[in-house]
Amino acid sequence: MTFAQRMGRLGTETAFEVLARARALEATGKRIVHLEIGEPDFDTPAFIRKAAAAALEEGWTHYGPSAGLPEFRKTIADVFGAERKFPCDADNVVVTPGAKPIMFFVMLALLEEGDEVLYPNPGFPIYESVANFINARPVPLHLKESNEFDLDLKELEAKITPRTKLLVLNSPHNPTGAVLKPETVEGIAALARKHSFWILSDEIYARIQYEGRHLSIASLPGMSERTIVLDGFSKTYSMTGWRLGFGIMPKPLAVHVTRLMTNSNSCTASFIQRAGQVALTGPQGEVHAMVAEFKVRRDTIVEGLNQIPGVTCFTPKGAFYAFPNITGTGMTSKALATALLEEAGVAGLAGTSFGAHGEGYLRFSYANSLENIQTALASIGDYLSVRTRA
Ligand code: PLP
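Residues numbered from 1 in each chain as written. Predicted model: local features only at pLDDT ≥ 70, side-chain atom pairs only at ≥ 80, totals over all residues. Heavy atoms only, no water.

Moving on to the sheet that holds strand S9 (residues 321-322). What links the strands of a sheet is backbone hydrogen bonding, and the strands pair in either a parallel or an antiparallel sense. The strand order S9-S12-S11 describes an open sheet built from 3 strands, whose pairing is antiparallel. Among the strands making up the open sheet, the edge pair consists of S9 and strand S11 (349-350). Bridge analysis of S9 against strand S12 (residues 362-365) gives 2 bridges, and the strand direction is antiparallel. Following the sheet pairing, Ala322 is matched in S12 by Phe364. Against the sheet, helix H11 (residues 333-344) contacts S11 and S12, and its axis sits at roughly 40° relative to S12. (Pairing = 2+ DSSP bridges. Helix = DSSP H or I, 4+ residues; strand = E, 2+ residues; numbered from the N terminus. Contact = heavy atoms within 4.5 Å. Axes fitted to C-alpha atoms, helices over the stretch in contact; angles between N-to-C directions.)

Now the structure itself:
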């Protein structure tokens, strides 16, 4: 069998592979604590589930417009325009099945072959994968722990060329949990205006930030006309399996992204959009409670990791990931992640799942119960102390 060459350029998300291996181990009777997959362990709030059931009964079971239901697009524009402080209306919004398609569609719509895409490394693997797939040139920006995993403006400036077309930002950041400093966001905006490139601002964790307020680059002068804000319902409302996300972007780009929707998904499921509408306009108490619970877990896992010999952990300011530095163990990221899964029953990801600059780190998702986090910490500590003594 032969496949199109481009398939060789498409990457993947290791979390799903590790999850499959963890499940295979569980099937043999092993107990595994799942800290690999990036999804909240909470149920979707009941009022949203009820809204979806009611929408099905009301007959929201047909095709809808490719860009999304008009009322829902308007609600998204109103809610997020006010919250993130940039001007937008319904025509700026395209609703998609999950937020991920926005990465794909925006790159397809904007990039010619050979155009350069600056992206964070370590970072969400799909940015690099999609850029490679469409024959653009991904250019990594090295996020360093010594710089609190903030973007280095000097490095950014040095890597801008006449082919730079797009910069991907992600704050709060997966996998480090870092939040871009306001002065960094200002500096990036100045460079984007000067060199005239686009920004894809992945703000999927914007509402899961423990310190300070989220600053959207789209709110800075002259930026909403060159920024695509990507967000969705997976993380904030614990709706990963529903597949509901959106992009807010300049209208001429929204027209193209809508055409990509017509050519791929036709539209996002109508009853799910109706539930999304209720999620945004209904009570937000459960969202706040989830964030408060994540903060308790963050404090527990960071403190616990810092007590394990050979491991140190930066305190994440948002999202639900800990990104411990494991260089003191003398093991590579991949070797330690594999050993912890196979021998200690803890599923986490090697930092290199997020790009080459993730070497020396692991990523643990703390979207799991405090009890399971404590179990995982004890198992990691036991494994490493036995190994050090051996
Ligand atoms: N962006 C980042 C940084 C993520 O971590 C994820 C999910 O893991 C997504 C986007 C995709 O979200 P969705 O489930 O809405 O497609």
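Past the structure itself, the notes keep going.
Bringing the domain arrangement of the protein chain into the picture now. One can read the domain layout of the protein chain as domain 1 (5-44 + 285-389) and domain 2 (47-281). Here domain 1 and domain 2 have C-alpha centroids that lie 25 Å from each other. Taken together, the contact pairs 40 residues of domain 1 with 40 residues of domain 2. Carbon and sulfur atoms supply 59% of the area buried between domain 1 and domain 2, which totals about 3,600 Å² over both sides. Put simply, domain 1 and domain 2 have 3 salt bridges between them. In this structure, Glu148 and Lys317 form a salt bridge, with 3.7 Å as the shortest nitrogen-oxygen distance. (Domains from an automatic or database assignment. Buried area = accessible area lost by both parts, 1.4 Å probe. Salt bridge = Lys/Arg side-chain N within 4 Å of Asp/Glu carboxyl O.)

So, on to the sheet that holds strand S6 (residues 198-202). Taken in spatial order, the 7 strands of this open sheet run S2-S8-S7-S6-S5-S3-S4, and their pairing is mixed. In this open sheet, the two strands that pair with only one neighbour each are strand S2 (93-96) and strand S4 (137-142). Averaged over neighbouring strand pairs, the angle between their axes works out to 20° when direction is ignored. Across 4 bridges, the pairing between S6 and strand S7 (residues 227-232) is parallel. Its bridge partner being in S7, Ser201 is matched across the sheet by Val229.

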